[in-house]
Each structure stands twice: as C-alpha cells, then as structure tokens.
Amino acid sequence: MRIVAKAIPTGAALGADIVDIDLSDELGADDLEAIKQAWAEHLVLRFRGQHLSDEDLLRFSRHFGPLDKAPINPYGTTWVPDNPEVNVISNILDDTGKRIGGLGDGECVWHADMTYNDDPVHACTLYAKEIPEIGGDTGFANMVAAYEALSDELKVRLTGMECKHDKTRNSTGQLRKGFEESYPDVSHVPGAVHPMVRRDPETGRCALYPGRRHNAYVLGLSVDESEALLDEIWAHVSKPEFAWTQHWQVDDLVMWDNRYCLHRRDAFSPDARRHMRRTQIGGDRPVAA
Ligand code: OGA
Ligand code: MN
C-alpha cells in the first residue's frame, strides 16, 4: 500500500513535521489533502530532508494558490530574474561582491510578511540550502491562540479597530527604496490599513493581526493612546507560550500561514553563510472580525 504523508505536531502552540513525503515528486491527491489539513490545524509545517530545485519549490508552492513575485530588492529587481517568484534570503555575496539575497545577518523582529500591502501574502515557504552553525533560527507565533487568550474586554475593544502597517522598513529595520528616513509622527507613515482582528471567512476563527510593531498606528486614536495599546498587544503576542522555534537543518522546507502567524529570526555571525530560497503565495484583503 502507498504510504500517505503524516503530520507529527511539535507539541508547542503551532507547527508540525510532515513525514513520509518527497516533495521533489509530484504530490498525490491524498498527500496534498493530508498536508492541507495539517496546515489548517498547525499553521506552520516543516518537511525535513528535501532535495529541491527552484522548479520543485515553485511546483509545490503552487498547490496552495497563485504565487506572488518576490519584492523588489535594493538593486531594483527580483533576486532570480528568470524566476521572479523565487525570493532569496541570504547574507552571501557573489564573486563580484553583489548580494545574492535579502535580510543580511541581523535579527528580524516579529512580523508577518508584506502586510504593508492591501492584499498581503497568504503564506510563504522557506527552504534551507546553507545555514550557520549558530544563530539564524526562525520563531513562529500563533495569532489565533493569542487572540483566544485575550481578555473578553480586549477582544471587544479590538474588534472593529484598524491599524496601519508600515511600508517604509523591512523586518531588519532597513529603509526600503523611495521612503523617508522619518515622518512627523506614526500617523503620517505610509502603509496599508488592516483590521486588528481578522476573521477566516471559511472557518469563522479569529486571529490578532498586528503585522509589525515599528511605526504601527491604530486609526482613530491619539498617537499616545495608539502607542500604549500597541505596547500592550505586542507584550501579549510575543509571549513564549504562543511560539515555536525552528532550528534549521540544511534541506528543511518550512511553510507558514502568514495570515495567522508572526515570525522572527535570530541574528547570526556575519562570517557564517546562510542561504534560503523562498516563495510567497498570494493573498486576499483581510476580513474584519
Ligand atoms: C522572511 C523572513 C526569516 C528567516 O523570509 O520573510 O522573515 O528565517 N525570514 O530568514
Ligand atoms: Mn518575514
């Protein structure tokens, strides 16, 4: 009998390993169904020991929806011009001294990807080709669990509120091309506006949707009130009880639901090499709770 992919939960607030699967093969319908079910339940999936070309990674990713192109890099292009859907996360320089990917070696603070867009990506995959011996681990946090753990009072207060998601800097704090170094106050910072609590129209489940802390602003509040509320929310969502950390091995593929999770990355030594290939699955406008 054919073996169907199986999920082994991490035991933390989110995440599961999928075993008995080779993603360089075309997926069977039963494997795909098992993966989709596990993903809906655990929000982050890890597939260890995968040997994938960019084409394999793209084919696998497309099972979950149409792909978005990688964001434009500081050279004004995508990292892999022949495959604009492939994004590269790396601190490595090529022979000519040019970066092969983004995000360098610094810490990436808690964030969800590309929420500064009106239709932020639904999900991302990240595939490890080279990893440092120390550091560079990636944490994930479950925003459904974080929402459910809020006091009833805060749930009511946040429902209907909207927050602006900073477009000007990436998760390492680097200024994106074409934006100002600073603004009169956070209410003037450009970015997309999204509900603070989003609801899954299919399942009805709700999740906090904080995006990222830097330059965030809650609409309708004074800057001071907004800062105080955001500090309270961020202290809550970054509690270890909502999180799980991926300690990378080469050939790990991780995919996360970018609607209902945050992620962060530890810094690592500038002398170490880290090289990840990434795809991003297109999303819709978040629905308010
Ligand atoms: C990303 C990201 C974290 C990492 O690709 O969006 O935040 O571990 N990466 O490289
Ligand atoms: Mn990210």
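Keep in mind that this is a model prediction, so the values were computed, not measured.

Chemist: What's the story with the sheet that holds strand 14 (residues 217–218) in this structure? I'm lost.
Modeler: Two strands in a sheet stick together by hydrogen bonds in their backbones, pointing the same way (parallel) or opposite ways (antiparallel). The strand order 11-10-14 describes an open sheet built from three strands, whose pairing is antiparallel. Two strands bound the open sheet, and with one partner strand each, they are strand 11 (191–195) and strand 14. Relative to strand 11, strand 10 (residues 162–166) is paired through five bridges, and the arrangement is antiparallel. The partner of H165 across the bridge, within strand 11, is A192.

Chemist: Whenever I open this one, unusual backbone geometry confuses me. Can you help?
Modeler: Negative phi values dominate among residues other than glycine, just as trans dominates among peptide bonds. Backbone geometry places L43, a non-glycine residue, at a positive phi of 70°. Within the fold, L43 resides in the loop between helix 1 (29–42) and strand 3 (44–47). A positive phi is found at N215, a non-glycine position, where the angle reads about 65°.

Chemist: Help me understand the packing of aromatic side chains in this model?
Modeler: Aromatic ring pairs are described here by two measures, namely the spacing of the ring centres and the angle between the planes. Taken as a whole and assessed by the stated rule, the structure comprises six aromatic pairs. With centroids separated by 5.3 Å and ring planes inclined at 75°, the aromatic side chains of W39 and F64 adopt a geometry described as edge-to-face. One end of the pair, W39, is in helix 1; the other, F64, is in the loop between helix 2 (54–62) and strand 4 (67–68), with 25 residues separating them in the sequence. With respect to burial, W39 and F64 carry one shared label: buried. Centroid distance F140 to W244: 6.2 Å. Interplanar angle 20°. Geometry classified as stacked. Taken as a pair, F140 in strand 9 (residues 138–142) and W244 in strand 15 (residues 243–246) lie far apart in primary sequence, 104 residues in all. Exposure remark for W244: the relative accessible area of 13% places this residue in the buried category. Its guanidinium or amino end placed over the ring of Y147, K155 lies 5.4 Å from that ring's centre, counting from NZ or CZ. The ring of Y209 is capped by R198, whose NZ or CZ atom sits 4.7 Å from the centre of that ring.

About the criteria used
- Residues numbered from 1 in each chain as written.
- Chains lettered and ligands numbered in written order.
- Predicted model: local features only at pLDDT ≥ 70, side-chain atom pairs only at ≥ 80, totals over all residues.
- Heavy atoms only, no water.
- Pairing = 2+ DSSP bridges.
- Helix = DSSP H or I, 4+ residues; strand = E, 2+ residues; numbered from the N terminus.
- Phe/Tyr/Trp six-rings, centres within 6.5 Å; stacked < 30°, edge-to-face > 60°.
- Buried < 20%, exposed > 50% of the residue type's maximum accessible area, 1.4 Å probe, protein only.
- Lys NZ or Arg CZ within 6 Å of the ring centre and 35° of its normal.

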